[in-house]
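Spelled out from the first residue to the last, the chains are:
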Amino acid sequence: MTRSDLVEELANRFAQLTHRDAEAAVKAILDAMEQAMVRGHRIEIRGFGSFTINRRPPRMGRNPRSGESVAIPEKRVPHFKPGKALREAVGQGGEPVQSP
């Protein structure tokens, strides 16, 4: 599913939303999630999963062409951990499980 598919699905499910409103809603949610992660916050969406930031320490790598060593700096990378309901739904290959 792409971002435009998500906008389309939202516009179809809620008839009162125009395509432009659905697009603005998706953009607002994704921008808020991005800003929270940039600040180092954890995002948890119950039943879906959580997004966290993992730190990759600096290390020495190797240039495959020349073979010389290269210093690779520290990185912060996003990490997604699916929630129980999502894992079960994907594992069953059926409809999503409704959480209580």
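Small disclaimer: the values here were computed from a predicted structure and weren't measured. All chains use their own residue numbering, which begins from 1 and follows the written sequence. In view of the model being predicted, local features appear only for residues whose pLDDT reaches at least 70, and side-chain atom pairs are presented and counted only at 80 or more, with totals across whole chains, interfaces and linings using the full set of residues. With hydrogens and water set aside, each side-chain value is computed from the structure's full complement of heavy atoms.

K.L.:
Give a description of the overall build of the protein that names residues and reports values.
P.N.:
Secondary structure summary: the protein contains three helices and five strands in total. Walking the protein from its N terminus toward its C terminus, one meets helices and strands in the order α-α-β-β-β-β-β-α. Relative to its length of 100 residues, the protein is extended, with a C-alpha radius of gyration of 19 Å against a globular reference of 13 Å. By principal-axis analysis of the C-alpha atoms, the protein measures approximately 60 × 35 × 30 Å. For every residue, the accessible area obtained with a 1.4 Å probe (protein chains only) is divided by the maximum for its type, and the residue is called buried under 20%, exposed over 50%, and partly exposed between those limits. Counting all 100 residues of the protein, 16% fall into the buried class. Taking contacts inside the protein between residues at least 6 apart in sequence as the whole, the part at least 24 apart equals 30%. Total accessible area computed for the protein in this model is approximately 8,300 Å², and 54% of it derives from carbon and sulfur atoms. When the 17 positive and 12 negative side-chain charges of the protein are each reduced to one mean point, those points stand 10 Å apart. The way it works is that DSSP assigns letters per residue, a run of H or I at least four long becomes a helix, a run of E at least two long becomes a strand, and they are numbered from the N terminus. Here the globule rule is a power law, 2.2 Å times the number of residues to the power 0.38, and the radius of gyration is based on C-alpha atoms. By definition, residues are in contact when any of their heavy atoms lie within 4.5 Å. With residues, only the protein chains shown are counted as cover, and all accessible areas are computed by Shrake-Rupley using a 1.4 Å probe. Neither His nor the chain termini are counted; the positive set is Lys and Arg, and the negative set is Asp and Glu. A single reference atom marks each charge: NZ on Lys, CZ on Arg, CG on Asp, CD on Glu.

K.L.:
An account of the environment of Ser-4 is requested, with residue identities and associated values reported.
P.N.:
Structurally, the position occupied by Ser-4 is in helix H1 (residues 3–13). With 19 residues separating them along the chain, Ser-4 and Glu-23 place their C-alpha atoms 8.0 Å apart. Nitrogen and oxygen atoms within 3.5 Å of one another constitute a polar contact, given that in protein one can donate a hydrogen and the other can accept it, and given that sequence-neighbouring residues count only through two side-chain atoms. Engagement of the side chain of Ser-4 in a polar contact is seen with the side chain of Thr-2, the distance being 3.1 Å.

K.L.:
Outline helix H2 (residues 19–38), listing residues and values.
P.N.:
Helix span, expected: 1.5 Å multiplied by one less than the number of residues in the helix. Taking 1.5 Å of rise per residue, the 20 residues of H2 would be expected to cover 28 Å, and the 28 Å separating its terminal C-alpha atoms lies within 8% of that figure. For H2, every residue scored as buried is listed here: Ala-22, Val-26, Met-33, Ala-36 and Met-37. Looking straight down H2, one finds its buried side chains confined to an arc of 105°; they lie on one side. Summarising the geometry of H2, the exposed residues directed more than 90 degrees from the buried face are Arg-20 and Val-38. Of the surrounding secondary structure, the elements contacted by the buried residues of H2 are H1, strand E1 (43–45), strand E2 (49–56) and strand E5 (75–82). Gly-40 sits one or two positions beyond H2 and adopts a positive phi of about 90°. The directions considered for the arc are those from the helix axis to the C-beta atoms.

K.L.:
Before we move on, can you summarise the pairing of strand E3 (residues 59–62) with the specific residues and values?
P.N.:
Sheet analysis places E3 next to strand E4 (residues 69–72), joined by four bridges and oriented antiparallel. From the neighbouring strand, Gly-61 faces E4, where its bridge partner is Val-70. Hairpin remark: E3 followed by E4, antiparallel, with six residues in the connecting loop; positive phi at Gly-67, about 85°. DSSP calls a pair of strands paired once it identifies at least 2 bridges connecting them.

K.L.:
Describe the nonpolar core, with residues and values.
P.N.:
Generally speaking, soluble globular proteins have nonpolar side chains that are buried together. Here the nonpolar core consists of buried residues drawn from Ala, Val, Leu, Ile, Met, Phe, Trp, Tyr and Cys, with membership extended through side-chain atoms lying within 4.5 Å. Counting residues in each nonpolar core, the largest one holds five residues, listed as Met-33, Ala-36, Met-37, Ile-43 and Phe-51. In terms of residues, this core owes the most to one element, H2, which gives three residues. Not counting residues up to four positions away in its chain, the partners in contact with Ile-43 are Met-33, Ala-36, Met-37, Gly-49, Ser-50 and Phe-51.

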